[in-house]
Amino acid sequence: MRSSNPVFSRRGFSRDNGYAGFNAQQQAGGPAAGTNPYATNPYAQQDTQLGAPPQAPAQTGAMTIDDVVSRTAITLGTVFATAALAWFLLPVDPANLGKSYGIGIGAALVAFVFAMIQSFKRKASPALILAYAAFEGVFLGVISSAVTTYVTAGAVPQAVLGTMSVFAGVLIAYKMRWIRVTRRFYGFVMAAAVGFVLLMAVNMLFAVFGGGDGLGFRSGGLGIMFGIIGIILGACFLALDFKQVEDGITYGAPREESWLAAFGLTVTLVWIYTEFLRLIAILQGDD
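None of these values were measured; they are calculated from a predicted model. Along each chain, residue indices are assigned from 1 in the same order as the chain's sequence is written. Given that this is a predicted model, residues contribute local features only at a pLDDT of at least 70 and side-chain atom pairs are listed and counted only at 80 or more, while totals for whole chains, interfaces and linings are drawn from all residues. Remark: hydrogens and water are excluded; side-chain values derive from all non-hydrogen atoms of the structure.

Novice: Just to check I follow, could you spell out the overall build of the chain for this structure?
Specialist: By definition, any uninterrupted DSSP run of H or I lasting at least four residues is a helix, any uninterrupted run of E lasting at least two residues is a strand, and each is numbered from the N terminus. Secondary structure assignment for the chain yields seven helices and zero strands. Residue burial in the chain is summarised as follows: out of 287 residues, 45% are buried. Of the contacts formed within the chain by residues at least 6 apart in sequence, a portion of 78% connects residues at least 24 apart. In the structure as shown, the chain presents an accessible area of about 14,200 Å², 68% of it carried by carbon and sulfur atoms. For every residue, the accessible area obtained with a 1.4 Å probe (protein chains only) is divided by the maximum for its type, and the residue is called buried under 20%, exposed over 50%, and partly exposed between those limits. Two residues qualify as a contact provided that any one of their heavy atoms is within 4.5 Å of a heavy atom in the partner residue. In this description, accessible areas are obtained by the Shrake-Rupley approach with a 1.4 Å probe, and a residue is regarded as covered only by the protein chains that are shown.

In structure tokens, the structure reads:
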């Protein structure tokens, strides 16, 4: 299965038809020998016994959960540090609003370019991933400061708390097997995400060339509805990311793949945070 995040779209640690589970094994009545869905896994070690499930290869230098946690902490720490710098160095008061917005949008575009370059590389590049995190942080710092200044002072803590709550909730649901990451689940999430992104792009084009709120998908009642949909999609992406991390550990992915896992998780958490921030801004603006 391949993840929704660009970084995972070229790899895919497993071909599992079942649900995500630690030390996943083939289920009774599963694929017959010769059609093992794990056979194309680049990290799976084929068992000599016919029909036996693949086992995680015993090797040094394999990815561990500690690797993923530490790399994710570094990446998110970079986002936080540059966001804090942007917050204090790029004030969004009326005298500097245009300059701050210009730098923020420019940083977002640079971050997008770095993300796309990393997505099409065959190997993880920590420098690219951290560069993405740094520029993404600048963008988040500017928009967070703007929402705090012009909408509500409590927006950022609320958005951070909401993001952490979604992360914790999805992780618990995933660990408890309440969420089953199947091919159907993956296909549904990807289709919904593509439709969501295209719709928001069309709305943005109408806003840029027609002025106002475009088609109104990011304001008022529709804005609230699409903000909630965006958060739900982000939660689904988290489940896909957890599946990729689990498969990478189970099948002995190289340690450098932990940078890709950190990148994917960071992209998803940034998505959820921005959707929360937008939703809070809409709700407070309607008061």
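Past the structure itself, the notes keep going.
Novice: I would appreciate a short explanation of helix α6 (residues 220–250) in the present structure.
Specialist: Helices are assigned an expected span. That span is 1.5 Å times one less than the residue count. Between its first and last C-alpha, α6 extends 45 Å over 31 residues, near the 45 Å set by a 1.5 Å rise per residue. Once α6 finishes, Gly 252 follows within two positions and takes phi at roughly 70°, a positive value.

Novice: Could you clarify how one ought to interpret the side chain of Thr 72 in this entry?
Specialist: Structurally, the position occupied by Thr 72 is in helix α1 (residues 65–89). Those residues in contact with Thr 72 that sit more than four places away from it in its chain are Ala 262 and Leu 265.

Novice: Explanation requested: the nonpolar core in the structure shown.
Specialist: Grouped burial of nonpolar side chains is what soluble globular proteins tend to show. Of all hydrophobic cores here, the largest spans 47 residues; its most connected members are Val 166, Val 170, Phe 185 and Leu 238. At the level of elements, α1, α2 (97–119), α3 (126–150), α4 (155–175), α5 (183–210), α6 and α7 (257–285) are the ones that each hand at least two residues to this core. It is α7 that contributes the most residues to this core, 13 residues altogether. Nonpolar core, defined: a set of buried Ala, Val, Leu, Ile, Met, Phe, Trp, Tyr and Cys residues in which side-chain atoms within 4.5 Å join the residues together. Counting seven residues, the second largest nonpolar core, distinct from the first, contains Ala 86, Leu 90, Val 142 and Ala 146.

Novice: Looking at this structure, I do not really get a nonpolar patch on the surface. What am I missing?
Specialist: To count toward a patch, a residue needs a relative accessible area over 30% and no salt bridge; like charges are then connected within 9 Å, while nonpolar side chains (Val, Leu, Ile, Met, Phe, Trp, Tyr) are connected within 5 Å. For this analysis, a salt bridge means a side-chain nitrogen from Lys or Arg found within 4 Å of a carboxyl oxygen belonging to Asp or Glu. Together, Tyr 101, Ile 105, Leu 109, Tyr 150 and Val 151 make up a nonpolar patch on the protein surface, roughly 480 Å² of accessible area in all. The dominant element in the nonpolar patch, judged by the number of residues it contributes, is α2, at three residues. When you line up the elements, Tyr 150 lands in helix α3. Tyr 150 sits in the partly exposed class, given a relative accessible area of 42%.

Novice: How do you make sense of the packing of α2 against α3 when you look at a structure like this?
Specialist: For any two helices packed against each other, the geometry comes down to the angle between their axes and how far apart the axes lie. Interaxial angle, 0 to 180 degrees, is taken between N-to-C directions of lines fitted to C-alpha atoms, where a helix line uses only the stretch in contact. Interaxial distance between α2 and α3 falls to 8 Å at its minimum, and their mutual angle equals 150°. Viewed along their axes, α2 and α3 adopt a mutual orientation that is roughly antiparallel. Here α2 and α3 pass one another in a crossing that is left-handed. Any residue that is not Ala, Val, Leu, Ile, Met, Phe, Trp, Tyr, Cys, Pro, Asp, Glu, Lys or Arg is counted as polar, Gly included; the first ten are nonpolar and the last four charged. Considered class by class, the residues forming the contact of α2 with α3 number 20 nonpolar, three polar and one charged. Working rule for angles: under 35 degrees goes down as roughly parallel, over 145 as roughly antiparallel, 65 to 115 as roughly perpendicular, anything else as oblique. It is the rotation of the near helix from the far one that decides the hand of a crossing: anticlockwise by less than a right angle makes it left-handed, clockwise makes it right-handed.

Novice: Whenever I open this one, the layout of surface pockets confuses me. Can you help?
Specialist: If a probe the size of a water molecule is rolled over the atoms, the empty space left behind becomes visible. Within this model, the second largest pocket holds a volume of roughly 580 Å³. Along the walls of the second largest pocket sit 17 residues, with Leu 76, Val 79, Phe 80, Val 160 and Tyr 273 positioned nearest its centre. For the lining of the second largest pocket, the elements supplying multiple residues, two or more each, are α1, α3, α4 and α7. In the lining of the second largest pocket, the residues fall into 14 nonpolar, three polar and no charged. Cavities and pockets were defined on a 1 Å grid built from protein atoms only: a cavity is a group of points that admits a 1.4 Å probe but offers it no way out, a pocket is an open group of points flanked by protein on both sides within 12 Å along at least five of seven lines, and a lining residue is one with an atom within 4 Å of any such point. Grid points are joined across faces, edges and corners, and a volume is the space filled by probe spheres set on the points.

Novice: What am I meant to see in the pattern of salt bridges here?
Specialist: Oppositely charged side chains can pair when the atoms bearing their charge come close. Per the stated rule, a full pass over the model turns up three salt bridges. With its nearest N and O atoms 3.7 Å apart, the salt bridge here joins Arg 71 to Asp 67. You can see Arg 71 and its partner Asp 67 sitting in helix α1, four residues apart, about one turn around the helix. Note on Asp 67: relative accessible area 9%, which makes it buried. Ionic pairing is found between Lys 243 and Asp 247, a salt bridge with its closest N-O pair at 3.3 Å. Separated by four residues within a single helix, Lys 243 and Asp 247 lie in helix α6, roughly one turn from each other.

Novice: What am I meant to see in the packing of aromatic side chains here?
Specialist: What counts as a ring pair is set by centres within 6.5 Å for rings of Phe, Tyr and Trp (its six-membered ring), and what kind of pair is set by the plane angle: stacked under 30 degrees, edge-to-face over 60, tilted for all other angles. Tallied over the full model, the rule gives seven aromatic pairs. Ring centres 6.4 Å apart and planes at 45° place the aromatic pair Phe 196 and Phe 226 in the tilted group. Of this pair, Phe 196 sits in helix α5 while Phe 226 sits in helix α6; the two residues are 30 residues apart in sequence, bridging distant segments of the chain. Pair check on accessibility: Phe 196 and Phe 226 agree, each one buried. Taken together, Phe 196, Phe 226, Phe 237 and Trp 271 form an aromatic cluster joined through their ring pairs.

Novice: Can you walk me through α4 in this structure?
Specialist: An α-helix turns once every 3.6 residues. As a result, residues three or four positions apart point the same way. Look at α4: 30 Å from first C-alpha to last across 21 residues, which is about the 30 Å you get at 1.5 Å a residue. Within α4, burial applies to Ala 155, Val 156, Ala 159, Gly 162, Thr 163, Val 166, Val 170, Ala 173 and Tyr 174. Summarising the axial view, the buried residues of α4 lie within an arc of 140°, below the 170-degree limit, and thus occupy one face. Exposed residues on α4 whose side chains face more than 90 degrees from its buried face are Pro 157, Leu 161 and Met 164. What the arc describes is the spread of directions from the helix axis to the C-beta atoms.

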